[in-house]
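Structure at a glance
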Amino acid sequence: MKIICIGRNYREHATELKNPVPGEPFFFMKPETALIRAGLPFFYPDFSGKVHYEAELVLRICKLGKHIQARFARNYFKEIGVGIDFTARDIQERCKEKGLPWEAAKAFDGSAPVSKFVPIARFCQSSSISFHLDLNGETVQKGNTGDMIFSFEEIISHVSRYVTLKIGDLIFTGTPSGVGEVKMGDRLEAFLEKEKMLTINIK
Ligand code: MG
């Protein structure tokens, strides 16, 4: 199982971190050891002093595929959930300055809590699914798939040109604006539409 993450898929988030809006999807990966199942805490890592939350919709791949055309991509995911792409922003900033890869900032153990999954058929249109993240009871991020630069189908088509998608792979589809720091003792709650999907305590 692998975790594929799309970067900069919401215009306002790209600009809040002073990044250009990409002309094609951009992705990186996290290993299986990054996954935290729903209900387990996130332990603040000792190597970073600036860990950011990034709430994202997550697709679970249900069919093996390579070179998937966008018009067929819908056959490759049936379920959706919410996850947090935890990012050691201080390390990422140093990596960016030096042009180095991002693994230490993005792929560390526990950096990918993921909720339960629900059928995407529950939503009338995959182009209008909303989600939000609360930090200690206050909403800090709000997203809607209508604001994504690249659709689920375009993401799957793009990624599968490079990487074979296998059953159970997870795709984080990018974060909206409002990313920020977590501290020990914080509580994050992620919602899909109005349903609470995931609670993470920072320890
Ligand atoms: Mg992200």
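Here the structure is shown first, and the text comes after it.
As a convention, each chain's residues are numbered from 1 in the sequence order in which they are written. Only residues with pLDDT of 70 or above have their local features reported here, since the model is predicted, and side-chain atom pairs are shown and tallied only from 80 upward, although totals for entire chains, interfaces and linings are computed over all residues. Hydrogens and water molecules were not included; the side-chain quantities draw on all heavy atoms of the structure.

In terms of helices and strands, the protein chain carries four helices and 15 strands. Computed over the C-alpha atoms, the radius of gyration of the protein chain is 16 Å, within 12% of the 17 Å expected from 2.2 N^0.38 for a compact globule of 203 residues. Projecting the C-alpha coordinates of the protein chain onto the three principal axes gives extents of approximately 45 × 40 × 30 Å. Partly exposed residues are those whose accessible area sits between 20% and 50% of the maximum for their type, while under 20% is buried and over 50% is exposed, using a 1.4 Å probe and protein chains only. Buried positions account for 55% of the 203 residues belonging to the protein chain. The helix and strand labels rest on DSSP assignments: H or I over at least four residues marks a helix, E over at least two residues marks a strand, and numbering proceeds from the N terminus. Computation of the radius of gyration draws on C-alpha atoms, with the globule rule given as 2.2 Å multiplied by the number of residues to the power 0.38.

Before going further, it helps to spend a moment on unusual backbone geometry. Non-glycine residue N136 carries a positive phi angle of around 50 degrees. Considering the arrangement of structural elements, one finds N136 in the loop between strand 10 (130-135) and strand 11 (138-144). Judged by relative accessible area, N136 falls into the partly exposed class, the value being 43%. If you check the backbone angles, E193 has positive phi at about 50 degrees while not being a glycine. Tracing the sequence through the fold places E193 in the loop between strand 14 (187-192) and strand 15 (195-201). Overall, the relative accessible area of 31% leaves E193 in the partly exposed class.

Turning next to the environment of V179. With respect to the secondary-structure elements, V179 resides in the loop between strand 12 (170-172) and strand 13 (180-181). Separated by 166 residues in the primary sequence, V179 and H13 have C-alpha atoms spaced 7.8 Å apart. Contacts: residue pairs with any heavy atoms within 4.5 Å of one another. Apart from residues lying up to four places away in sequence, V179 is in contact with H13, E16, L17, H52, Y53, E54, R89 and Q141.

A pair of strands is labelled paired if DSSP reports no fewer than 2 bridges between them. Strand order in this open sheet of four strands is 11-10-14-15, and the pairing throughout is antiparallel. Only two strands of the sheet have a single partner each, and these edge strands are strand 11 and strand 15. In this sheet, neighbouring strand axes are inclined to one another by 15 degrees on average, regardless of whether the strands run parallel or antiparallel. With five bridges connecting them, strand 10 and strand 14 associate as antiparallel partners. By the bridge assignment for strand 14, H132 is matched with F191. Fitted lines through C-alpha atoms give the axes, limited to the stretch in contact for helices. The angle between two N-to-C directions lies from 0 to 180 degrees.

With that settled, consider the packing of aromatic side chains. Geometry of aromatic contacts follows a simple scheme: Phe, Tyr and Trp rings, the Trp one being its six-membered ring, pair when their centres are within 6.5 Å, and the pair is stacked under 30 degrees between planes, edge-to-face over 60, tilted otherwise. In the structure shown here, the tally under the stated rule is nine aromatic pairs. Aromatic side chains F27 and Y162 sit 5.9 Å apart centroid to centroid with 55 degrees between the ring planes, which places their arrangement in the tilted category. Here the residue F27 occupies a position in strand 2 (residues 26-30), and Y162 occupies one in helix 4 (residues 152-162), the gap between them amounting to 135 residues. You can call Y162 partly exposed: its relative accessible area is 47%. A centroid spacing of 5.8 Å and a plane angle of 55 degrees characterise the contact between F28 and W102, whose relative ring orientation is tilted. Here W102 lies in the loop between helix 2 (89-98) and helix 3 (103-106) and F28 lies in strand 2, a separation of 74 residues in the sequence. Taken as a pair, F28 and W102 share a single burial class, namely buried. Each residue in the set F42, F47, F86 and F108 is aromatic and connected to the rest through ring pairs, giving one cluster. Seen from the ring of F26, R8 lies directly overhead, with NZ or CZ sitting 5.1 Å from the centre. Over the ring of Y76 we find K63; its NZ or CZ atom is 5.0 Å from the centre of that ring. Ring-over charges, as used throughout, are those where CZ of Arg or NZ of Lys falls within 6 Å of the ring centre and within 35 degrees of the ring normal.

Only nitrogen, oxygen and sulfur atoms within 2.8 Å of the metal, or 3.2 Å for Na, K and Ca, are treated as donors, and water is left out, so sites may look incomplete. In the first shell of the magnesium ion, the protein supplies E54 (OE), E56 (OE) and D85 (OD), at 2.0 to 2.1 Å from the metal. Read in sequence order, the donor residues for the magnesium ion give the motif E-x1-E-x28-D. Of the two residues examined, E54 and E56, each falls in the buried class.

So, on to the pairing of strand 1 (residues 3-7). The buried fraction of strand 1 is high, at five of five residues. Burial along strand 1 is two-sided: the face carrying I3, C5 and G7 and the face carrying I4 and I6 are both buried. With three bridges joining them, strand 1 and strand 12 adopt parallel strand pairing. Within strand 12, the residue paired with C5 across the bridge is F172. Looking at chain direction, strand 1 and strand 2 are connected through five bridges and run antiparallel.

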